[in-house]
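# Examining the three-dimensional arrangement
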Amino acid sequence: MESKTTTIQSELEAYLKKEGITINQFAGVSGVNSGTLSSIINGNRPIAMKQLDRITAGMGLPEGEFYELYIDECVVHSTPDWRRLGPFLQRCAELDKLECIRQVVQTLMDNISYAQALFETAEEFFVQGKRQAAAMLYEGVAESEKYQHSERLALCQYRLFTIALGKDQDANLRTAMHFEYFVERLDEVDQLNALKDLANIYASLHRWNRVEALAEEMGHKASIQYQNKYHKVSRRTVQKEPARPLCFYILYAHLLRAAVCDERGDYIQALHYVSLYSDFSWVQETTEEARQIMEQFKEWAEANTYLYRLMTGETKVLADYVEFINGRENEMVPGLTKIMQAANRLDFNVDEIIERFEPHLGLKNLKTRMGKLNAQVTEDKYTVLLYELAVYCLNAQKIKNGIAYLFQCLETSVRMNSDSHIVQCVVLFEQYRHLSSGEDQERYKILIGEVQKINDKKSGSAAGSR
Amino acid sequence: MIRKVALLLAVGSIFFAVDAPALVMQSASTHSFIEPLTHGVGAE
């Protein structure tokens, strides 16, 4: 049984004894002043972060070897000092020592006065892309403020929502529903982005009623802010600029509402919204970014006009539409999917089009003129395309190709944990099972095994939470 | 979900016992995700 508690000091002392070197010699190896080393060993001086890293390196140990001990000494058993803790958290994030961050947050949050410093560090981590480390700090701050209706709490929840989004649709839905409650507490500029992000996630989940409500709210709030910014006699001083020029949110709200009409099959109303987001006569912004936004919406208006007309049965626009998506890699997946949907619904031949675009297919990160396209929406769109291709090929009795597309679709659906897509794939396969090969049936069995595994896991966690 | 899949499999077997090929052609042509893929959805 250990009689003495292990500390960084005792470790250092033991090391010097074992190696038979003096403090002065170790000062030369580690680069830490001998006086400082002596104070540290005598326990008269708290260790600064840089000194700790130098001592660890001097002892030939892996980076961060003493971090757990450091927490014990500088956070748990003494009054925490932010001058040491800030750099410590930064190093923990760099070395991915998330458990250390968790311990520090747990200890610090007994004292609410650390909330602001933790929040600012979390914001730094978030910007630096250290998302898991940031999430731990946001969770700590949010926990300490859960009974307060603060803007900071809402911002923590917004960041946690952004960090938590992934491929799993079930998890994305839970995250979105949790965050929605906090949107109203954000400042009005952040609200616009939050509404846009939520609408995008609900679009990837096919929750079109929610998309409609959020788009309406975003359009409404953006219009008020636009009015305040450009038309009011006594213009308020704008303290914070939104992530995009305000005109973007107004135009995007119209585009989302057109998408909802598309889902309902109301193409006339969808075309009405197209006319709204292709009218820029009211736009006051003159920046390059605003110009790019207008160009982008003009392009989408053209594409969507083709596709809504195609969906109403106007097959004569097909050639123009194909020309439009040809060479526009970012519009190829939605464009081709719509063409496949129209072909499946209206029963016309698009073999040549598939042949032409097949080499360009594949799940890629899509972009717009303004930046990237939401990853969840992109993956969902690609899954729908695979399904439509499967339906088309199977209808045309091209069983081998059809099954191959179907399996790709099922694989993506399993990865996304999308119940609705999985069920659609199962229904389609069962219709063509009698035409599939033994090899196909074996592959199908494996994929369904994956579905079962996911469900066992879900049942397990549901039972655990009961 | 397991129940859903099991039910679908059961329905599938009955379906094929009745008149598979003809029905397949009829139903597959209407089998399509009716999801909007409006260009621009998902803009960040």
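Just above sits the structure.
Quick caveat: nothing in here was measured; it's all calculated off a predicted structure. Throughout, a residue's number is its position along its own chain's written sequence, starting from 1. Ligands are numbered from 1 and chains lettered from A, in the order in which they are written. In view of the model being predicted, local features appear only for residues whose pLDDT reaches at least 70, and side-chain atom pairs are presented and counted only at 80 or more, with totals across whole chains, interfaces and linings using the full set of residues. To get the side-chain values, all heavy atoms of the structure are used, and hydrogens and water are removed first.

## Looking at the overall build of chain A
Strands here mean DSSP runs of E at least two residues long; helices mean DSSP runs of H or I at least four residues long; both are numbered from the N terminus. Counting secondary structure elements, chain A contains 23 helices and 0 strands. Taken across its 466 residues, chain A has 52% of its residues classed as buried. What makes two residues a contact is simply this: any of their non-hydrogen atoms within 4.5 Å. For chain A, restricting intrachain contacts to residue pairs at least 6 apart in sequence, the fraction spanning at least 24 positions comes to 63%. For chain A, the exposed surface amounts to about 22200 Å²; the carbon and sulfur share of it is 49%. Under the scheme applied here, a residue whose accessible area is under 20% of the maximum for its type counts as buried, over 50% as exposed, and between as partly exposed, the area being computed with a 1.4 Å probe on protein chains only. Values of accessible area rely on a 1.4 Å probe in the Shrake-Rupley scheme; residue burial ignores everything except the protein chains shown.

## Some remarks on the environment of Asp266(A)
Residue and element names in this part refer to chain A. Within the secondary structure, aspartate 266 is located in the loop between helix H14 (246–264) and helix H15 (267–277). The partly exposed category is assigned to aspartate 266, whose relative accessible area is 34%. Remark: the alpha-carbon pair of aspartate 266 and methionine 311, spanning 45 residues in sequence, is separated by 10.0 Å.

## Remarks on the packing of helix H7 (residues 98–108) of chain A against helix H9 (residues 131–144) of chain A
Each packed pair of helices is defined by two parameters, the angle between the axes and the distance between the axes. Residues and elements named next belong to chain A. Put simply, H7 and H9 touch, their axes get as near as 10 Å, and they point 15° apart. Regarding the angle of H7 to H9, the classification is roughly parallel. As H7 packs across H9, the resulting crossing turns out to be right-handed. Together, Leu98, Ile101, Arg102 and Val105 of H7 and Gln132, Ala133, Met136, Leu137 and Gly140 of H9 make up the contact between the two elements. The residue inventory of the contact of H7 with H9, partitioned by class, reads 6 nonpolar, 2 polar and 1 charged. Axis angles are defined between N-to-C directions and span 0 to 180 degrees, where every axis is a line fitted to C-alpha atoms and, for a helix, only to the segment in contact. Between 65 and 115 degrees an angle is taken as roughly perpendicular, under 35 as roughly parallel, over 145 as roughly antiparallel, and anywhere else as oblique. Each crossing is labelled by how the near helix is turned from the far one, with a counterclockwise turn of less than a right angle marking it left-handed and a clockwise turn marking it right-handed. Each residue is assigned to one of three groups, with Ala, Val, Leu, Ile, Met, Phe, Trp, Tyr, Cys and Pro labelled nonpolar, Asp, Glu, Lys and Arg labelled charged, and all others, Gly among them, labelled polar.

## Here we look at the environment of Gly140(A)
Residue and element names in this part refer to chain A. With respect to the helices, strands and loops of the structure, glycine 140 is situated in helix H9. With relative accessibility at 9%, the residue glycine 140 sits in the buried group. Spatially, the C-alpha atoms of glycine 140 and cysteine 156 are 9.4 Å apart, while their sequence positions differ by 16 residues. Other than its neighbours up to four places away in sequence, glycine 140 contacts Val105 and Met109.

## A few points about the packing of aromatic side chains
All names here are of chain A. In this analysis, rings of Phe, Tyr and Trp, with Trp reduced to its six-membered ring, are considered paired at centre separations within 6.5 Å, and the interplanar angle assigns stacked below 30 degrees, edge-to-face beyond 60, and tilted for intermediate values. Evaluation of the coordinates by the stated rule reveals 22 aromatic pairs over all chains. Aromatic rings pair up to connect Phe248, Tyr249, Tyr252, Tyr277, Phe297 and Trp300 into one cluster. Distance and angle both matter: a charge sits over a ring if NZ of Lys or CZ of Arg is within 6 Å of the ring centre and within 35 degrees of the ring normal. Over the ring of tyrosine 202 we find arginine 210, and its NZ or CZ is 6.0 Å from the ring centre. Above the ring of phenylalanine 248, the side-chain terminus of arginine 244 is found at 5.9 Å from the ring centroid.

## Comments concerning the packing of helix H1 (residues 8–19) of chain A against helix H3 (residues 34–41) of chain A
Residues and elements named next belong to chain A. Running from amino to carboxyl end, H1 crosses H3 at an angle of 120°, the nearest separation of the two axes being 9 Å. Every residue of H3 that contacts H1 at Gln9, Leu12, Glu13 and Leu16 is listed here: Leu37, Ile40 and Ile41. Here the residues of the contact of H1 with H3 sort into 5 nonpolar, 1 polar and 1 charged.

## Quick notes on the state of the cysteines
Working definition: a disulfide is two cysteine sulfur atoms within 2.5 Å of each other. Evaluation of the coordinates by the stated rule reveals 0 disulfides over all chains. For the unlinked cysteine Cys409(A), the closest cysteine sulfur is that of Cys425(A), found at 3.5 Å.

## A closer look at the environment of Tyr249(A)
Mapped onto the elements of the fold, Tyr249(A) is located in helix H14. Expressed as a C-alpha distance, the spacing of Tyr249(A) and Leu195(A), which sit 54 residues apart in the sequence, is 9.5 Å.

## Observations regarding the side chain of Asp440(A)
All names here are of chain A. For aspartate 440, the position within the fold is in helix H23 (residues 438–465). Think of it this way: Lys and Arg go in the positive column, Asp and Glu in the negative one, and His and the chain ends go nowhere. The term salt bridge refers to a side-chain nitrogen of Lys or Arg lying within 4 Å of a carboxyl oxygen of Asp or Glu. Of the buried charged residues, aspartate 440 lacks a salt bridge, with arginine 443 as the closest side chain of opposite charge at 7.8 Å. Beyond its immediate stretch of four places on either side in the chain, aspartate 440 contacts Ile403 and Phe407.

## Some thoughts on the side chain of Asp187(A)
Residue and element names in this part refer to chain A. Turning to its location among the elements, aspartate 187 is positioned in the loop between helix H11 (169–180) and helix H12 (188–204). A polar contact of 3.0 Å, which involves the side chain of aspartate 187, links it to the backbone nitrogen of valine 189. The contacts of aspartate 187, once residues within four sequence positions are left out, are Glu151 and Lys240. Whenever a nitrogen or oxygen atom comes within 3.5 Å of another N or O atom, the pair is scored as a polar contact, on the condition that within protein one atom can donate a hydrogen and the other can accept it, and that pairs from neighbouring residues in sequence are kept only if both atoms are in side chains.

## Focus: the pattern of salt bridges
Residues and elements named next belong to chain A. Applying the stated rule across the entire model yields 29 salt bridges over all chains. A salt bridge links arginine 328 to glutamate 299, with the nearest nitrogen and oxygen atoms 3.4 Å apart. Taken together, the residues span a long stretch of sequence, with arginine 328 in the loop between helix H17 (318–325) and helix H18 (329–346) and glutamate 299 in helix H16 (residues 288–311) at a distance of 29 residues.

## Thoughts on H11(A)
For an α-helix, 3.6 residues make a turn, and residues three or four places apart therefore share a direction. Residue and element names in this part refer to chain A. With 12 residues, H11 should cover 16 Å at 1.5 Å per step; its first-to-last C-alpha distance of 16 Å lies within 8% of that length. Of the surrounding elements, those touching the buried residues of H11 are helix H10 (151–164), H12, helix H20 (375–395) and helix H21 (399–416). Sitting at the head of H11, aspartate 168 places a side-chain oxygen 2.9 Å from the backbone nitrogen of aspartate 170. One less than the residue count of a helix, multiplied by 1.5 Å, gives the span that helix is expected to have.

Coordinates in, geometry out; function isn't part of it.
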